[in-house]
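Structural description and commentary
Read off the chains here:
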Amino acid sequence: MALEIEYLKIMKTISNKYYLLAILIVSQTFNPFDLYGFNVFKFYKDLNKANYYHLIEENYNKSSYVYELILKKYDTLLLQNNSYCFAIESALKSNNNSLLSKLLKRKIYFDNDTTILDHLFIDVDYKYHERLMAEISNLNNSEIYKIVKTDFKFRTKYYYNLDPEFMKLVTKIKILVNEDQGIRRNNNNKINEVDSINIVELVNTLKLCKNIYQQSILINQAGILLTHSFRYNIKKYGRVSEEDYEYLTKILYQGLKSGNIPNRDYARYLDNARAERGYTNSKYGEIKQIYGTFMLSTLNEGKISNTLNPIEDIKSVDSLRAKIGLPTLFEDSIYYSYKLPQEYSIPKQPIY
């Protein structure tokens, strides 16, 4: 039951986060990030700083300043990242109308959609979730949003004129996702069988792509398949062969480095894959993860509480997280409201 809650949360995250992005990025066969020639981990370093000021210190003047610098340097990455909503909140809280206008204008242009605030992803785990939801709702009717929408001119959508072979692959992944959800609604007895088939089909489909950019698009579409079917303990509980497991981890890392797969998604897929070893055997204490993104969630009186599962190398976890651009475990514990492991050493404050 606890893991099902976690799956539902992940499923909600994936469906909200990638709906528009998938439509937009699928309109090209090259990686737009290549044009910038930057290291994606520099973006995450700056983003973690802005989020720290915003989420931990709650110093909105400092956070809005850093978010504005990020928007100038890495606009595409920020606009498709979940932290975009914090940049919006930061601009509102600091009365930075200049930043607010830029964020709205560029997001509308990026999504080619003037209704962006109607489907903006806001994480339910955020401690000010309800407050931010209300602020976004009020912003929808604001004068600044009306002006930004009025100035916008819709671009022609190109995704109907794509490489037809790649579009077939996209359609195939969507069908697999529908099958995954359908079997969970209608026939629990066949879940393991369908999961085993789907993960192999995903790997085979990825091998038909022309480049990592196309592969990343498919992975972002197939997030729920990886959540349900990507297992580490091959011999006893595995859904994939050792060879396919290594192939998937390689593709995930290439997508991470190219900027096309978010670092938190990368970490969650790998942590979830390892954690499944313990969950399947019903020995929660044996669940070992790498980055500390796998949590068991329980529902009590309508509220979700998170429990962080054991980490393989707790003394090195922050350095491992830093290598893929994640903030410290301490910062995540503030955001997700979980108790830190006893062996964990809280970093000296302020971090940035």
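Here we summarise the structure given alongside this text. What you see as residue numbers is a count from 1 along each chain, following the sequence as written. Totals for whole chains, interfaces and linings use every residue, but because this is a predicted model, local features are given only for residues with pLDDT of at least 70 and side-chain atom pairs only at 80 or more, for both listing and counting. As a rule here, side-chain values cover all heavy atoms of the structure and leave hydrogens and water aside.

**What about the packing of aromatic side chains?**
Each pair of aromatic rings taken from Phe, Tyr and Trp, with Trp reduced to its six-membered ring, is defined by centres within 6.5 Å and is described as stacked if the planes are under 30 degrees apart, edge-to-face if over 60, and tilted in the remaining cases. All told, the structure shown has 13 aromatic pairs when counted by the stated rule. Ring geometry for tyrosine 126 versus tyrosine 335: centroids 6.1 Å apart, planes at 15°, classification stacked. Of the two residues, tyrosine 126 sits in the loop between helix 6 (97-111) and helix 7 (129-140) while tyrosine 335 sits in helix 17 (residues 329-336), which places them 209 residues apart along the sequence. Both residues of the pair, tyrosine 126 and tyrosine 335, count as buried. Aromatic pair tyrosine 266 and tyrosine 291: ring centres 6.3 Å apart, planes at 55°, arrangement tilted. Of this pair, tyrosine 266 sits in helix 15 (residues 263-280) while tyrosine 291 sits in the loop between helix 15 and strand 1 (295-300), placing them 25 residues apart in sequence. Among the residues examined, tyrosine 266 registers a relative accessible area of 7% and is labelled buried. Tyrosine 291 gets classed as buried once you look at its relative accessible area, which sits at 9%. Pairwise contacts between aromatic rings join Phe86, Tyr126, Tyr128, Tyr335 and Tyr336 into one cluster. When the NZ atom of lysine or the CZ atom of arginine is within 6 Å of a ring's centre and also within 35 degrees of its normal, the charge is said to sit over that ring. For the cation-ring pair, arginine 131 lies above tyrosine 128, with the distance from its terminal atom to the ring centre recorded as 4.0 Å. Runs of H or I in DSSP of at least four residues are treated as helices and runs of E of at least two as strands, each being numbered from the N terminus. Partly exposed residues are those whose accessible area sits between 20% and 50% of the maximum for their type, while under 20% is buried and over 50% is exposed, using a 1.4 Å probe and protein chains only.

**Points about the pattern of salt bridges**
What counts as a salt bridge is simple: a side-chain nitrogen of Lys or Arg found within 4 Å of a carboxyl oxygen of Asp or Glu. Under the counting rule described, the total for this entry stands at 15 salt bridges. A salt bridge links glutamate 57 to lysine 62, with the nearest nitrogen and oxygen atoms 3.2 Å apart. Given a relative accessible area of 33%, lysine 62 falls into the partly exposed group. Between arginine 184 and aspartate 180 there is a salt bridge whose closest N-O contact spans 3.1 Å. With a gap of 4 residues between them, arginine 184 and aspartate 180 both fall in helix 9 (residues 164-186), about one helical turn apart. In this structure aspartate 180 comes out as buried when scored by relative accessible area, which is 0%. What emerges from the salt-bridge pattern is a single network uniting Asp180, Arg184 and Asp195.

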